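# Summary of structural features
Here are the chains, one letter per residue:
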Amino acid sequence: MIKEELMQLIQQRRANVAVIGLGYVGLPLALTFAKAGFYVVGVDSDEEKVEKLNNNESYITDVSNAELRKHVDSGRFRATTDYSVLAEIDAISISVPTPLRKTGDPDMSFIALASQQIAPYLHRGMVIVLESSTYPGTTRELVLSNLTENSDLKVGEDFFLAFSPERVDPGRKDYTTYNTPKVVGGITKNCTEVAAAWYGQALETIVPVSTSEVAEMTKLLENTFRMINISMINEMAIMCDRMDIDVWEVVDAAATKPFGFMKFTPGPGLGGHCIPVDPMYLSWKMKTLNYTARFIDLASQIDSNMSRYVVGKIQDTLNRFKKPLKGSTILLMGIAYKPDINDLRESPALDIIHLLLDKGAIVGYHDPFIPELHAAGLNMASETELVAAVEKADMVAIITNHSKVDYKMIYEKAQLIFDARNALKDIAPAEDIKVVKL
Ligand code: SAJ
């Protein structure tokens, strides 16, 4: 009966919803449920975030203030730091961070804390879905045990627990939380059914799978696939360089193959909060099972070496023009981890800046999305007089190719250019010696 009653609440969209963790995944998800007609409480430990949200102020680029205000004004969305609201909640989605520790091991503290904070409010007829990217087994081994430590409720009968990987790509307009297919896998068949029914009321396409482990592993396959292919193309760039072959031309030519090939482009390394991180969760889990995930470990080695490789190319190029790196002014163009966003997490530019400074270079940057840099022990400001900065620099290094940059001006005014993204593809003639590509 419990399952049927909950399913009815879900179908009638009378189930009270909570989303724990209001970041780039949780906030869009919360408002997607609100848009579908559910009453949603967003729970976050950050009081500042909660206050901003209740004052119609969005800190997530994918959520406009107007969109937020619509749901706050309608009463369908509100934010709080108070977990006791969960006593009245029927359906909870958990989207808290799963970063890596300095040791490279998974930091499960956010998931552990969230599940411990839910536990006192766990009641019959509740469904809980974990969204945070993590190693296979987390939902069953960590979340379920925390939820039922002091409870005799039975999963799959009294309450329902599943995993559903987030597939949010910040800044993307074509695919949103609503229209990106959503994989859902439960601890039991009933769990899958209830979680899929709930998500199916708000999202366009649900992909039910048999267990939470399948769902957890699906996400890791998606992002491990990307990580390994990006590191493979970076190694291709190194190999092409050894043979004085233009890897960019090779990639473009290979991409004309209409089947059996997927284009990846070389770069200064792997940034972001997903691709360099999620596969390490799988690698860690396999170590606990006495297995070495060789592809992941090799890809991680190649990717983490790319910033050093880029600095080596910069040094060699200056050398050819009889300029020591020490004392040379290097202007980095673009420091975000990928084009047209303002996210610095794991950005290779941060490593490159440190490496250049360690070698005595004078380093500046320009990034239209990042007016000030206060991260990784660096405190810098984006150059505002760009033309003067480009002319003054001994070398301009294009690290992230934001689209709204005047690359023609950079090509014309710069003395030397290192182009890690082939940003000058349609501007600089291939034989121009002042431009060196990755
Ligand atoms: N990168 C390359 N060459 C490539 C692709 C990426 O060097 O060919 C670099 C980027 O510059 C960046 C890093 O790899 O530093 C990651 O790039 P990404 O395009 O994978 O961007 P992310 O980290 O925002 O990945 C997200 C992921 N989404 C989720 O995890 C939900 C990923 O699965 C998406 O496929 C990706 O967005 C996307 O397609 O944009």
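Residues numbered from 1 in each chain as written. Predicted model: local features only at pLDDT ≥ 70, side-chain atom pairs only at ≥ 80, totals over all residues. Heavy atoms only, no water.

Glancing now at the overall build of the protein chain. On a plain count of helices and strands, the protein chain comes out with 14 helices and 15 strands. Relative to the 2.2 N^0.38 estimate, which gives 22 Å for 438 residues, the radius of gyration of the protein chain is 24 Å and therefore close to what a compact globule would have. Expressed as lengths along the three principal axes of its C-alpha atoms, the size of the protein chain is roughly 80 × 50 × 40 Å. Counting all 438 residues of the protein chain, 54% fall into the buried class. Considering only residue pairs separated by 6 or more positions, the protein chain has 69% of its internal contacts joining residues 24 or more positions apart. Summing over all exposed atoms, the protein chain offers an accessible surface of approximately 20000 Å²; the carbon and sulfur share of this is 53%. (Helix = DSSP H or I, 4+ residues; strand = E, 2+ residues; numbered from the N terminus. Rg over C-alpha atoms; globule rule 2.2 N^0.38 Å. Buried < 20%, exposed > 50% of the residue type's maximum accessible area, 1.4 Å probe, protein only. Contact = heavy atoms within 4.5 Å. Areas by Shrake-Rupley, 256 points an atom, 1.4 Å probe, with all protein chains shown as cover.)

Here we take up the sheet that holds strand 14 (residues 417-419). The strand order across the open sheet formed by 5 strands is 10-9-13-14-15, and the pairing between neighbours is parallel. The sheet is open, and its two edges are formed by strand 10 (362-366) and strand 15 (435-437), each paired on a single side. Taking each pair of neighbouring strands and ignoring which way they run, the sheet shows an average axis angle of 20°. Across 3 bridges, strand 13 (residues 395-398) lies against strand 14 in parallel orientation. Looking across to strand 14, one finds that A397 is bridged to F418. Together, strand 9 (329-333) and strand 10 form the strand contacts of helix 12 (residues 348-358), whose direction differs from that of strand 9 by roughly 180°. (Pairing = 2+ DSSP bridges. Axes fitted to C-alpha atoms, helices over the stretch in contact; angles between N-to-C directions.)

What follows concerns the site of the ligand. Near the ligand there are 19 residues, and of these D169, K219, R226, T265 and Y337 occur at the shortest range. In the environment of the ligand, an oxygen atom lies 3.4 Å from a nitrogen or oxygen atom belonging to the side chain of R172. Take R421: an N or O atom from its side chain is 3.0 Å from an oxygen atom of the ligand. Taken by itself the ligand offers 740 Å² of open surface, and the protein chains cover 87% of this. Considered class by class, the residues forming the shell around the ligand number 7 nonpolar, 4 polar and 8 charged. (Near = heavy atom within 4 Å. Polar contact = N/O pair within 3.5 Å; in protein donor to acceptor, adjacent residues only side chain to side chain. Nonpolar A, V, L, I, M, F, W, Y, C, P; charged D, E, K, R; others polar.)

Bringing the domain arrangement of the protein chain into the picture now. Partitioning the protein chain into structural domains gives domain 1 (2-212) and domain 2 (245-437). Opposite the 16 residues of domain 1 that make contact, domain 2 presents 13 residues. Counting each side, the surface lost to burial between domain 1 and domain 2 is near 1200 Å², with a carbon and sulfur contribution of 64%. When the buried surface of domain 1 facing domain 2 is broken down by residue, L100, P106 and Y135 rank first, second and third, together holding 36% of it. Inspection of the region where domain 1 meets domain 2 yields 2 salt bridges. Our count for the domain 1 to domain 2 interface comes out at 5 residue pairs in polar contact (both at pLDDT 80 or more). In the side of domain 1 that touches domain 2, the residues fall into 8 nonpolar, 3 polar and 5 charged. (Domains from an automatic or database assignment. Buried area = accessible area lost by both parts, 1.4 Å probe. Salt bridge = Lys/Arg side-chain N within 4 Å of Asp/Glu carboxyl O.)

Any aromatic ring pair is given by two values, namely how distant the centres are and how the planes are angled relative to each other. According to the stated counting rule, one finds 6 aromatic pairs in the structure shown. Considering the side-chain rings of W198 and Y199, the 5.0 Å spacing of their centres and the 85° angle between planes classify their relative orientation as edge-to-face. No difference in accessibility class separates W198 from Y199, as the two residues are buried. An aromatic cluster is present here, built from F33, F38, W198 and Y199 joined pairwise through their rings. Directly above the aromatic system of Y39 lies the positively charged group of R76, at a separation of 4.5 Å from the ring centroid. (Phe/Tyr/Trp six-rings, centres within 6.5 Å; stacked < 30°, edge-to-face > 60°. Lys NZ or Arg CZ within 6 Å of the ring centre and 35° of its normal.)

Note on placement: N422 falls in the loop between strand 14 and strand 15. Residue N422 is classed as buried on the basis of its relative accessible area of 9%.

Here the focus is the pairing of strand 8 (residues 206-209). Where a strand is regular, its side chains alternate between the two sheet faces. Bridge count between strand 7 (residues 182-186) and strand 8: 4 bridges; the pairing is parallel. In the sheet register, V183 faces strand 8, and the bridge partner there is V207. Once you follow strand 7 into helix 7 (residues 189-200) and on to strand 8, the crossover reads as right-handed. (Right-handed = clockwise from strand over helix to strand, strands pointing away.)

As summarised here, the arrangement of the 8 strands in space is 3-2-1-4-5-6-7-8, forming an open sheet in which the pairing is mixed. In this open sheet, the two strands that pair with only one neighbour each are strand 3 (77-80) and strand 8. Averaged over all adjacent pairs, the angle separating strand axes in this sheet is 25°, with direction ignored. As defined by bridge partners, strand 2 (residues 40-43) adjoins strand 3 across 4 bridges and the pair is classed as parallel. Bridge assignment links V40 to a residue of strand 3, and that residue is F77.

Right, let's get into the pattern of salt bridges. Within the structure shown, the criterion is met by 20 salt bridges. Taking the shortest distance from any N to any O, the salt bridge between K437 and D246 comes out at 2.7 Å. On the criterion of sequence distance, the pair formed by K437 in strand 15 and D246 in the loop between helix 8 (212-242) and helix 9 (247-254) is long-range, its members being 191 residues apart. On the accessibility criterion, K437 (29% relative accessible area) is partly exposed.

All right, on to the environment of A428 then. With respect to the helices, strands and loops of the structure, A428 is situated in the loop between strand 14 and strand 15. Given a relative accessible area of 15%, A428 falls into the buried group. Taking the C-alpha atoms as reference points, A428 and Y39, separated by 389 residues in sequence, lie 55 Å from one another. Excluding residues that lie within four positions of it along the chain, A428 makes contacts with Y411 and V435.

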